[in-house]
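Chain by chain, the residues:
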Amino acid sequence: MALQTAFDIHVGNNARLRCVRRMQLLLITACLDGEWKMREVYNNDSISSPRTMTRPGSGHAPSTHSMPHYIRNLPFLRLFIGKWICARRGSGVKKSRMLLLLYMGGFNRYSEGRPDNDLHIGGIFPMEGEGGWQGGQACMPAAELALADVNARSDLLSGFKLLLHSNDSKCEPGLGASVMYNLLYNPPQKLLLLAGCSTVCTTVAEAAKMWNLMVLCYGASSPALSDRARFPTLFRTHPSATVHNPTRIKLMQKFGWSRIAILQQAEEVFISTVDDLEAHCKKSGIEIVTRQSFLSDPSDAVRNLRRQDARVIVGLFYVVAARRVLCEVYKHRLYGKSYVWFFIGWYEDNWFETNLEREGIDCTVEQMREAAEGHLTTEALMWNQNANQTTISGMTSEDFRSRLNEALREAGYDIDGERFPEGYQEAPLAYDAVWAVALAFNKTMEKLEKNGLSLKNFTYTNKKIADDIYEAINSTSFLGVSGLVAFSSQGDRIALTQIEQLSNNHYVKLGYYDTQADNLTWLDKEQWVGGKVPPDRTVVVNELRTVSLPLFACMTALCIAGILAAIGLIVFNTMHMHRRVIQWSHPACNTVMLCGCCVCLGAAIALGIDGRWVTPQHYTGLCAARAWLLAIGFSMAYGAMFTKVWRVHRHTTKPKTETKKRVHGWKLYTMVGGLLVVDFVLLTAWQLRDPLQRRVETFPLEAPRHHDDDVHIRPELEHCESEHNTIWLGVMYGYKGLVLVFGLFLAYETRSVKIRQINDSRYVGMSIYNVVVLCLITAPVTLVIASQQDAAFAFVSLAIVFCCFLSMALIFIPKVIEVIRHPTERAESGRGSGSGSTPADEERYRELVKENEELQKLIAQKEERIRVLKQKLAEREAAADVTQGTGGGGGGGGVLADLATATSDYGTSTNYTRSSRASVSDLDFSESYL
């Protein structure tokens, strides 16, 4: 009858049958990859016997029951049948009935002769895996201590004993599913499952709901487990990993870090944790510069962190991977005063020193210590911080620590040498998990007794009792060795977060954070390598490139000297304006040229004034001043010289009658004024339509000068530019270039012309040659070297200084020398002083020149006649000597008379020349300039 009832339960409901088949397929698929491990477990009969440990000295011995060989080998038969069912899904009900009889037969055989006062729970502990979290090494002894304490209490479970059936999952989800399957289908029937390791808990909790089994995880922090829709029967005494994220955000805000990087292991627990951390960072305005993940080898991921200049790094990985990461951190020098690492706090205190050789870590203990120094950890409080507070078990947290250490010593761990097994920090959670189960069972039993039922009536299909157990666990609240144990609506543990820092190879508590109250308790014990808080990025200092101060001082001194020289020449030009050497060089034009040189030299000084002396707000005015000074100074200085050479060219191309006319000064001023008007129009339009603004050119980062790893220099250079700067420069350069080229043409055309009205035309032409050549070289070169502030300033300022000094020297040095040589030259008449040459003077000069030429011709004729006469006289004298010898004479008188006449004419012409009104000094000076 009982067998028929079981058949009706399992087969009569088609929907449940399909669900069971799907679950069998899920479990079988999850175990395919680790089937060899399953066979090893089953064949070696490694499933532990039920544990009923008692407290030392209680006198109760643990009871064990051996399983028959048929039951031990039953899982393989069931696995084969499960696969056969999946392959033959179209089989009839008869085959299903036969399989269920086989299942139930196994249960019935094992249940015969068993006592009725035992409550059985299953335990899945990660013990000996190669990766992941192997916290069962310390959590399983803690759970056994809790079993002993619970069974020693007479006020719990009303005479029932709590027994634990456990096995090793190695923190592998496939093997964990196999262990769960073995626990469920090996009698006795389990009321609840204890599990550790997030990946295993995910698989177990997702499947356990099909058997109406509660799952209590003592070591699972994956945020994914908080999904009640996916895991409706899951609770955990280990807080969710997301409880660390608000703490991390709080620390980042405290130390001013707004740029972080994330390094994670490719496991679901860490992936979901990082997703939650990203959401918190986005909400808090913290930038995640990179997110790197790895499976087993973190070398590439750590290398990428260095490439991204990550400074504050959150690391999420199991402890085995953490040791590999730390070794790579040492190799890539991602530690020290410039870096901050956030590690998970549930590692053991000496996690970076242990198992290095066994795991193939090619870093020494000293190197690992050096790389680990200063890192921060965040962990939920897993030990009751009040060491003297008595918990529900009657012990304090220190009493529990002492008992746990003794049990671990008996298991062979070097506790005195601080060589703690993995999971030591989570051991209080496993201890309190057993107590939570006992309290929940006790509350459920009280409720069931009112209805005449007991926990022994629980089956995997009894949802009513499963719901009662769920409500009891959900409402459980007690003070355990890990602190206050209570569960949220998602089944998560509610706990504070502790912050620690590794300092001198020991963890120092820095503070606590209450997420719910948003309260950070800080102890001010942090110690940073280098004595200051590491920055969250390489600090980029914008450094303005300015003109070298010695260069600026030298060029300013030259410009000031040039300005003083120009002022001195203006005074000289004014004081000696009455002298012909000044009058015949147009002193007004010279004064304009000298003023233009002063303005150009002032512009050269303005070119060296930069951000060192002027604020960015006033830099626009400096840009405008540079343009106006340089343009106006050039037009004045070059325009004056251009006017002179233009006048010489006009003088040589006009008819001789027009050259006798006086050159009016206003015509010379008009040409300079015209150039200034064009400058004024262009600069005004430029200033109004598209004014020059301060533009900053940035350069690639440079290494710091004082070898500070946290600081890099970003050079900046100020420029005066407008939006259409190229167009405006093209217009200005085109206009000035035409004037330069035209002036060069005029200077070349008049290179051999000598006129009295402009006595320094040759020197003016030479000045124009130099100005044109320097300008044509300087303008394009400056555009090329504009990004080199010292070179550009030196090149432009030297060109300006050279043009000004050379022009002043060529035009005024001859005049100064002439004045020095003839300091006592008489002043001109009042009619001619103060101005250039008068028309009467010019007319007199031309008459004297003409008269002089005529006299020279006459003198040449007379001298020729005298020579001929002297020759004749000599011949006659010779003939006279011969005649005297013969008695004749005479004939010489006529020749002597002719000679006397010629001599008389020569003397007359000589006297006439000397009696002319020409001044010897005037003639000499005119000849020197002609």
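None of the values given here were measured: they were computed from a predicted structure.

## So, the overall build of the chain
Counting secondary structure elements, the chain contains 29 helices and 18 strands. Out of the 930 residues in the chain, the part that is buried amounts to 49%. Here the chain has roughly 43300 Å² of accessible surface; of this, 56% comes from carbon and sulfur atoms.

## Here's the deal with the side chain of S226
Relative to the helices and strands, S226 resides in the loop between β4 (214-219) and β5 (234-236). Residue classification places S226 among the buried positions, given a relative accessible area of 18%. A polar side-chain atom of S226 sits 2.8 Å from a polar atom in the side chain of R236. Excluding residues that lie within four positions of it along the chain, S226 makes contacts with R236, S240, Q490 and D492.

## Observations regarding the UniProt feature "transmembrane region" (unreviewed entry) in the chain
Per the UniProt record, "transmembrane region" (unreviewed entry) is found at residues 549-572, 584-607, 627-647, 668-688, 727-748, 768-786 and 792-813. The annotated region residues 627-647 carries 100% helix and 0% strand content, and the separation between its end C-alpha atoms amounts to 29 Å.

## Focus on the state of the cysteines
With the rule as written, the count across this model stands at 3 disulfides. The disulfide that involves C171 links it to C197, with 1.9 Å between the sulfurs. Its torsion about the S-S bond being 60 degrees, the disulfide of C171 and C197 is classed as right-handed. Highlighted residues: C171 in the loop between β2 (161-168) and α8 (173-185) and C197 in the loop between β3 (192-196) and α9 (198-208), separated in sequence by 26 residues. In this structure, C171 and C197 share a single accessibility class: buried. At a sulfur-sulfur separation of 1.9 Å, the disulfide partner of C623 is C720. Its S-S torsion of about -75 degrees marks the bond between C623 and C720 as left-handed, since a negative value means left-handed. Of this pair, C623 sits in helix α21 (residues 619-653) while C720 sits in strand β18 (residues 711-721), placing them 97 residues apart in sequence. For C623, a relative accessible area of 2% corresponds to the buried category.

## Some remarks on the pattern of salt bridges
Summed over all chains, the structure comprises 25 salt bridges. Residue D362 is joined to K331 by a salt bridge in which the shortest nitrogen-to-oxygen separation is 2.9 Å. Here the residue D362 occupies a position in the loop between β9 (340-344) and α14 (365-372), and K331 occupies one in helix α13 (residues 319-331), the gap between them amounting to 31 residues. D362 sits in the exposed class, given a relative accessible area of 55%. When salt bridges with common partners are traced through the structure, they connect K447, K464, D468 and E471 into a single cluster.

## Examining the packing of aromatic side chains
A full pass over the atoms with the stated rule returns 34 aromatic pairs. Arranged with centres 5.5 Å apart and planes meeting at 90 degrees, the rings of F343 and W351 form a pair that is edge-to-face. Of the two residues, F343 and W351, both sit in the buried class. Cluster of aromatic residues (ring-pair linked, three or more members): F270, F294, F317, Y318, W341, F343, W346, Y347, W351 and F352. In this structure, R311 is placed above the aromatic ring of Y339, and the distance from its NZ or CZ to the ring centre is 5.2 Å. Above the ring of F812, the side-chain terminus of K815 is found at 5.9 Å from the ring centroid.

## Concerning α13
For α13, which comprises 13 residues, the first-to-last C-alpha distance of 19 Å matches the rise-based estimate of 18 Å (1.5 Å per residue) to within 8%. Among the 13 residues in α13, 11 count as buried, and that is most of the element. Buried within α13 are the following residues: V319, V320, A321, A322, R323, V325, L326, C327, E328, V329 and Y330. If you follow the buried residues of α13, they end up packed against β6 (259-265), β7 (287-294), α12 (299-307), β9 and α14. One or two positions beyond α13, positive phi appears at R333, with a value near 60 degrees.

## Regarding the sheet that holds strand β17 (residues 693-698)
Within a sheet, adjacent strands bond to each other through the backbone by hydrogen bonds, running parallel or antiparallel. Reading across from one edge, β16-β18-β17 is the order of the 3 strands in this open sheet, with mixed pairing throughout. At either margin of the open sheet sits one strand with a lone partner, and together these are β16 (539-544) and β17. Across this sheet, the average inter-strand angle for adjacent strands is 35 degrees, counted without regard to direction. Here β17 pairs with β18 via 6 bridges, running antiparallel. Counterpart to Q693 in the pairing with β18 is E721.

## Some remarks on the packing of helix α10 (residues 244-255) against helix α11 (residues 268-284)
Contact geometry of α10 with α11 gives a least axis separation of 9 Å together with a crossing angle of 40 degrees. Considered as vectors, α10 and α11 are oriented oblique to each other. The way α10 lies across α11 gives a crossing that is right-handed. Here N245, P246, R248, I249 and Q253 of α10 come into contact with α11, specifically with T273, D276, L277, H280, C281 and S284. Residues that form the contact of α10 with α11 fall into these classes: 4 nonpolar, 5 polar and 2 charged.

Procedures and definitions
Residues numbered from 1 in each chain as written. Predicted model: local features only at pLDDT ≥ 70, side-chain atom pairs only at ≥ 80, totals over all residues. Heavy atoms only, no water. Helix = DSSP H or I, 4+ residues; strand = E, 2+ residues; numbered from the N terminus. Buried < 20%, exposed > 50% of the residue type's maximum accessible area, 1.4 Å probe, protein only. Areas by Shrake-Rupley, 256 points an atom, 1.4 Å probe, with all protein chains shown as cover. Polar contact = N/O pair within 3.5 Å; in protein donor to acceptor, adjacent residues only side chain to side chain. Contact = heavy atoms within 4.5 Å. UniProt positions renumbered as here; feature names shortened; annotations may be inferred. Disulfide = S-S within 2.5 Å. Salt bridge = Lys/Arg side-chain N within 4 Å of Asp/Glu carboxyl O. Phe/Tyr/Trp six-rings, centres within 6.5 Å; stacked < 30°, edge-to-face > 60°. Lys NZ or Arg CZ within 6 Å of the ring centre and 35° of its normal. Expected span 1.5 Å × (residues − 1). Pairing = 2+ DSSP bridges. Axes fitted to C-alpha atoms, helices over the stretch in contact; angles between N-to-C directions. Parallel < 35°, antiparallel > 145°, perpendicular 65-115°, else oblique. Left-handed = near helix turned anticlockwise from the far one by under 90°. Nonpolar A, V, L, I, M, F, W, Y, C, P; charged D, E, K, R; others polar.

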